[in-house]
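# Summary of structural features
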Amino acid sequence: TTRSVGLLFGGCSGEHEISIASARAIAQAFSLDSNQAAYTLLPFYIQKNGQWCDGASAQQVLASGQPLASEATDTPSERWHLPPTVAEVDVWFPILHGPNGEDGAVQGLLKLMQTPFVGSGILGSAIGMDKLAMKMVFAQVGLPQVNYMGITRAQVWSNPCVHPKLCDEIEATLAYPCFVKPANLGSSVGISKVRDRTQLEAALDSAASYDRRLIVEAGVVAREVECAVLGNDAPQASIVGEITYQSDFYDYETKYTEGKADLIIPAHLPASITTQIQTMATQAFTAIDAAGLARVDFFYVEATGDVFINEINTMPGFTATSMYPQLWAASGIPFPVLVDRLVQLAFERHA
Ligand code: ADP
Ligand code: MG
Ligand code: MG
């Protein structure tokens, strides 16, 4: 029997366009003979305003790669109305990145529908999205991290605007350069690297405009290496990849401009470092209660041999050229097989 896969993409997030690109790659994998026999694809597109579309409109976005313009006249009841075809879905593949899609919100909805879905549940998604919660969990299981401070918007926007005492404390605890980040975002949105007090004040003010929760981290000079994880209760780690670029750090522009960053697969690392990264990756996956898939990112300080965990992403970029599927392809699992495996894992976890 063929099963219907609900491919859920787009979404109310700054990563809407990236989600469309990921969905196109996944839809293509489902159209291959090997998967076509087993699955019927039902695309569901979430517009930027939150409205769901099925059928021809969703197909059109998949075919063109272009977002649909949101209707200016939508009402809450239209936004909450799900197309009746959601009832035909046997398993969901929510390929949504960032807030609302990767943070447990959509996972809660799919759980209420009582339908299996690919990827982490509410808890794993929420912890993986919030950099502060993530770091607290990682610290608890002994994973090494750079020094950091959690800050709230209320602290930043107290009177006077950015309080000098807050900056004094950051300078004393972390020094420069440091990284200021909104806790719940991705794709480097809202992140600044700062080198002095003026930049620090501006960065705190900016990050506070994105999120109530902020994090400031000590900057490290390190190679950026990533490991893909696949599985549920016995997660497997892929070979390790590296990202190289010319810019100051791996910011939004570097991530999404063709040719600004290179993926090196496998990363050229001592065997013991590779093993350490793979072990840390599955530990991180289990620690936050991730499921199905995640990409775990690290800083490798070559001079000292230190490996610090940076973050986990529970719904990593999934285009044919993205790091996650490339790491598995290089580890012996081609893209269409990976997609099939993820659907199987969704059923196994739901059972
Ligand atoms: P996102 O979830 O948006 O990808 P990250 O925490 O991974 O946010 O930060 C984005 C990029 O900023 C990293 O890939 C790295 O290039 C740089 N960066 C972040 N934190 C640090 C740090 N503590 N030291 C050095 N570079 C950092
Ligand atoms: Mg991230
Ligand atoms: Mg990152």
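For the structure, see preceding data.
Now for a description of the structure that goes with this document. (Residues numbered from 1 in each chain as written. Chains lettered and ligands numbered in written order. Predicted model: local features only at pLDDT ≥ 70, side-chain atom pairs only at ≥ 80, totals over all residues. Heavy atoms only, no water.)

### A word on the site of ligand 1
Around ligand 1 sit 20 residues, and of these K131, K181, S188, E224 and K255 come closest. Interatomic distance of 3.5 Å between a side-chain N/O atom of Y245 and an oxygen atom of ligand 1. Elements with a minimum of two residues in the shell around ligand 1: β6 (178-182), β8 (213-218) and β13 (306-313). Of the residues contributing to the shell around ligand 1, the split by class is 9 nonpolar, 5 polar and 6 charged. (Near = heavy atom within 4 Å. Polar contact = N/O pair within 3.5 Å; in protein donor to acceptor, adjacent residues only side chain to side chain. Helix = DSSP H or I, 4+ residues; strand = E, 2+ residues; numbered from the N terminus. Nonpolar A, V, L, I, M, F, W, Y, C, P; charged D, E, K, R; others polar.)

### A closer look at the packing of aromatic side chains
Summed over all chains, the structure comprises 11 aromatic pairs. Ring geometry for F9 and Y45: centres 5.4 Å apart, planes at 45 degrees, overall tilted. Of the two residues, F9 sits in strand β1 (residues 3-10) while Y45 sits in strand β2 (residues 39-46), which places them 36 residues apart along the sequence. For F9, a relative accessible area of 0% corresponds to the buried category. (Phe/Tyr/Trp six-rings, centres within 6.5 Å; stacked < 30°, edge-to-face > 60°. Buried < 20%, exposed > 50% of the residue type's maximum accessible area, 1.4 Å probe, protein only.)

### Digging into the sheet that holds strand β4 (residues 91-94)
A sheet is described by the order of its strands in space; here 4 strands give the open sequence β3-β2-β1-β4, paired in mixed fashion. On the outer flanks of this sheet lie β3 (52-53) and β4, each paired with one strand and no other. As judged from the 4 bridges shared by β1 and β4, these two strands associate in the parallel manner. Each residue of the ladder has a partner; that of V5, found in β4, is V91. In this fold helix α1 (residues 16-30) packs onto β1, β2 and β4, with an angle of close to 155 degrees to the strand it touches most, β1. Here helix α5 (residues 105-112) sits on the sheet in contact with β1, β3 and β4, set at roughly 175 degrees to β4. (Pairing = 2+ DSSP bridges. Contact = heavy atoms within 4.5 Å. Axes fitted to C-alpha atoms, helices over the stretch in contact; angles between N-to-C directions.)

### Examining unusual backbone geometry
The step from Y176 to P177 runs through a cis peptide bond, and the omega angle for that step is -5 degrees. I265 connects to P266 through a cis peptide bond whose omega is -5 degrees. Of note, the phi angle at N100 is positive, near 75 degrees, even though the residue is not glycine. Within the secondary structure, N100 is located in the loop between β4 and α5. Given a relative accessible area of 36%, N100 falls into the partly exposed group. With a phi close to 65 degrees, S188 is a non-glycine residue in the positive phi region. Along the chain, S188 falls in the loop between β6 and β7 (192-194).

### Things to note about helix α6 (residues 122-129)
Those residues of α6 lying buried are G124, S125, I127, G128 and M129. In this structure, the buried side of α6 is in contact with α5, α7 (131-140) and β13.

### A few points about the coordination of the magnesium ion (ligand 2)
Here the magnesium ion (ligand 2) is held by the protein donor atoms E311 (OE), E311 (OE) and N313 (OD1), which lie 2.1 to 2.6 Å from it. The metal-metal distance between the magnesium ion (ligand 2) and the magnesium ion (ligand 3) is 3.8 Å, with E311 serving as a donor to both. (Donors = N, O, S within 2.8 Å, 3.2 Å for Na, K, Ca; no water.)

### Description of the pairing of strand β9 (residues 223-231)
In terms of residue burial, β9 counts as a mostly covered element, since 9 of its 9 residues are buried. Every second residue of β9 is oriented toward a common face, with R223, V225, C227, V229 and G231 on one face and E224, E226, A228 and L230 on the other, all of them buried. With 9 bridges connecting them, β9 and strand β12 (residues 292-301) associate as antiparallel partners. Opposite E224, over in β12, you have F299 as the bridge partner. Inspection of the sheet shows β9 paired to strand β10 (residues 236-245) by 6 bridges, in the antiparallel sense. Looking at β10, one finds that E226 is bridged to G241.

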